[in-house]
Amino acid sequence: MAGRWEEFGKYGADGIPGWLALARQLDDLITGPVSPVTNARGLGARLNYLLNRKGGIDALRTAGVTVKDQTIQGWHEKKTTPRKADLARIDSAYWDLRRRNAAPSLKARLRNEGRSRTVEIHPVDQSHVPEGRSREIAHRQVSLFGDIWDDMVDAWANADDEALDTIWDEIITDLGSDYDAYSYVAGVGFNAATD
């Protein structure tokens, strides 16, 4: 990660690492249950997805759910309720499988048939930074082509934060000498909704 923000937030700047902004934007592009996993409807939607998709049980096991298959079926049929720790594991398994299943469609949409797609970069919020400590950081736009989208989606689908950070550094390097001002951002935006 670039180094202008050695003590990020010390004077009140508010933002997140650029790679995390990429991951959150990609998360926003895929649909999922609106209800939380702690709600019966949200739990049911996640279990329905996991139990009716290839790799669902494997995703639950990878997430750390160790109960028997019939216990999972009992949760699905609302005969019993998972413990709090298992609810978090079910949610994690759902999103892991959902990301992997959405990745091929998302890659195709982001590649945009070979045309560029614009990424909007929203700079950190400095509204709480004392006068004299803030710096001027403009809203920026970067056009991305081709394989970088595939690499980004693969890193996101595999929860590879290090790879996403490397991709983010590649993106901001194209901003010129001020690139490291965008190591942290308020967010990023690009449109490519998926099914």
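Anything mentioned here points back to the structure above.
Quantities reported herein were computed from a predicted structural model and do not represent experimental measurements.

About the criteria used
Residues numbered from 1 in each chain as written. Predicted model: local features only at pLDDT ≥ 70, side-chain atom pairs only at ≥ 80, totals over all residues. Heavy atoms only, no water. Helix = DSSP H or I, 4+ residues; strand = E, 2+ residues; numbered from the N terminus. Buried < 20%, exposed > 50% of the residue type's maximum accessible area, 1.4 Å probe, protein only. Contact = heavy atoms within 4.5 Å. Areas by Shrake-Rupley, 256 points an atom, 1.4 Å probe, with all protein chains shown as cover. Lys, Arg positive; Asp, Glu negative; His and termini not counted. Charge placed at Lys NZ, Arg CZ, Asp CG, Glu CD. Pairing = 2+ DSSP bridges. Core = buried A, V, L, I, M, F, W, Y, C linked by side-chain atoms within 4.5 Å. Salt bridge = Lys/Arg side-chain N within 4 Å of Asp/Glu carboxyl O. Axes fitted to C-alpha atoms, helices over the stretch in contact; angles between N-to-C directions. Parallel < 35°, antiparallel > 145°, perpendicular 65-115°, else oblique. Left-handed = near helix turned anticlockwise from the far one by under 90°. Nonpolar A, V, L, I, M, F, W, Y, C, P; charged D, E, K, R; others polar. Phe/Tyr/Trp six-rings, centres within 6.5 Å; stacked < 30°, edge-to-face > 60°.

Student: What's the story with the overall build of the protein in this structure? I'm lost.
Tutor: Within the protein one finds seven helices and four strands. Reading the helices (α) and strands (β) of the protein from amino to carboxyl end gives β-α-α-α-α-α-β-β-α-α-β. If one aligns the C-alpha atoms of the protein with their principal axes, the spans along those axes are about 60 × 40 × 25 Å. Among the 195 residues that make up the protein, the fraction classed as buried is 42%. For the protein, contacts bridging at least 24 residues in sequence account for 72% of all contacts bridging at least 6. Summing over all exposed atoms, the protein offers an accessible surface of approximately 10700 Å²; the carbon and sulfur share of this is 44%. Charge centroids of the protein, computed over 25 positive and 30 negative side chains, lie 10 Å from each other.

Student: Can you walk me through the pairing of strand E4 (residues 184-189) in this structure?
Tutor: A regular strand places its side chains so that they alternate between the two faces of the sheet. In terms of residue burial, E4 counts as a mostly covered element, since five of its six residues are buried. Inspection of the sheet shows strand E1 (residues 16-17) paired to E4 by two bridges, in the antiparallel sense. Its bridge partner lying in E4, Ile 16 is registered against Val 185.

Student: It is not clear to me how the nonpolar core should be interpreted in this structure. Could you clarify?
Tutor: Generally speaking, nonpolar side chains in soluble globular proteins are found buried as a group. If you look at the biggest cluster of nonpolar residues, it comprises 55 residues, and the most contacted ones within it are Met 152 and Phe 190. Considering each element in turn, this core owes the most residues, 10 residues, to helix H5 (residues 84-111). Apart from the residues lying within four places of it in its own chain, the contact partners of Phe 190 are Leu 22, Gln 25, Leu 26, Leu 29, Leu 110, Thr 118, Val 119, Trp 149 and Met 152.

Student: How should the sheet that holds E1 be read in this particular structure?
Tutor: Consider a sheet: its strands pair through backbone hydrogen bonds, and that pairing is either parallel or antiparallel. The four strands are arranged E1-E4-E2-E3 in an open sheet whose pairing can be described as antiparallel. Strands at the two margins of the open sheet, each flanked by one partner only, are E1 and strand E3 (140-144). Where strand E2 (residues 117-123) lies against E3, five bridges are found, and the strand directions are antiparallel. Along E3, the bridge assignment pairs Glu 120 with Gln 141.

Student: Is there a simple way to think about the pattern of salt bridges in this case?
Tutor: Counting across every chain of the model gives 10 salt bridges. A salt bridge links Asp 27 to Arg 99; the shortest N-O distance between them is 2.9 Å. In this pair, Asp 27 sits in helix H1 (residues 18-29) while Arg 99 sits in helix H5, placing the two residues 72 residues apart along the sequence. Across the pair Arg 61 and Asp 69 runs a salt bridge whose closest N-O atoms are separated by 2.6 Å. By relative accessible area, Asp 69 is classed as partly exposed at 47%. One salt-bridge network, held together by shared partners, links Arg 83, Asp 86 and Arg 89.

Student: Honestly, the packing of helix H2 (residues 40-51) against helix H4 (residues 69-76) in this entry has me stumped. Any pointers?
Tutor: Any two packed helices are characterised by how steeply their axes cross, that is the angle between the axes, and by the distance between the axes. Packing of H2 against H4 brings their axes to within 9 Å, and their N-to-C directions diverge by 135°. Between H2 and H4, the crossing angle belongs to the class labelled oblique. Read as a crossing pair, H2 and H4 show a hand that is left-handed. Residue-level inspection shows Gly 44, Leu 47, Asn 48 and Leu 51 of H2 in contact with H4, the latter providing Ile 72, Gln 73, Trp 75 and His 76. The class makeup of the residues in the contact of H2 with H4 is four nonpolar, four polar and no charged.

Student: Is there a simple way to explain unusual backbone geometry in this structure?
Tutor: Excluding glycine, residues mostly have negative phi values, and the peptide bonds linking residues are mostly trans. Although it is not a glycine, Lys 78 sits at a positive phi angle of roughly 60°. With respect to the element layout, Lys 78 can be found in the loop between H4 and H5. Note on Lys 78: relative accessible area 63%, which makes it exposed. Although it is not a glycine, Ala 159 adopts a positive phi angle of roughly 50°.

Student: How should I be thinking about the packing of aromatic side chains in this particular structure?
Tutor: Aromatic ring pairs: the centre-centre distance and the angle between the two ring planes describe each pair. Under the defined criterion, the tally for this structure stands at three aromatic pairs. Between the aromatic rings of Tyr 94 and Trp 95, the centroid separation amounts to 4.9 Å while the plane-to-plane angle is 85°, which identifies the pairing as edge-to-face. The burial state of Tyr 94 is the same as that of Trp 95; both residues are buried. Geometrically, the ring pair formed by Trp 149 and Phe 190 is edge-to-face, given 5.2 Å between the ring centres and 70° between the ring planes. Residue Trp 149 is found in helix H6 (residues 147-157), and its partner Phe 190 is found in the segment after E4; the two are separated by 41 residues along the sequence.

Student: Would you take a moment to explain the side chain of Arg 46 for this structure?
Tutor: Positionally, Arg 46 belongs in helix H2. Setting aside chain neighbours within four positions, we find Arg 46 in contact with Pro 33, Ser 35, Pro 36, Val 37, Ile 90, Asp 91, Tyr 94 and Trp 95.

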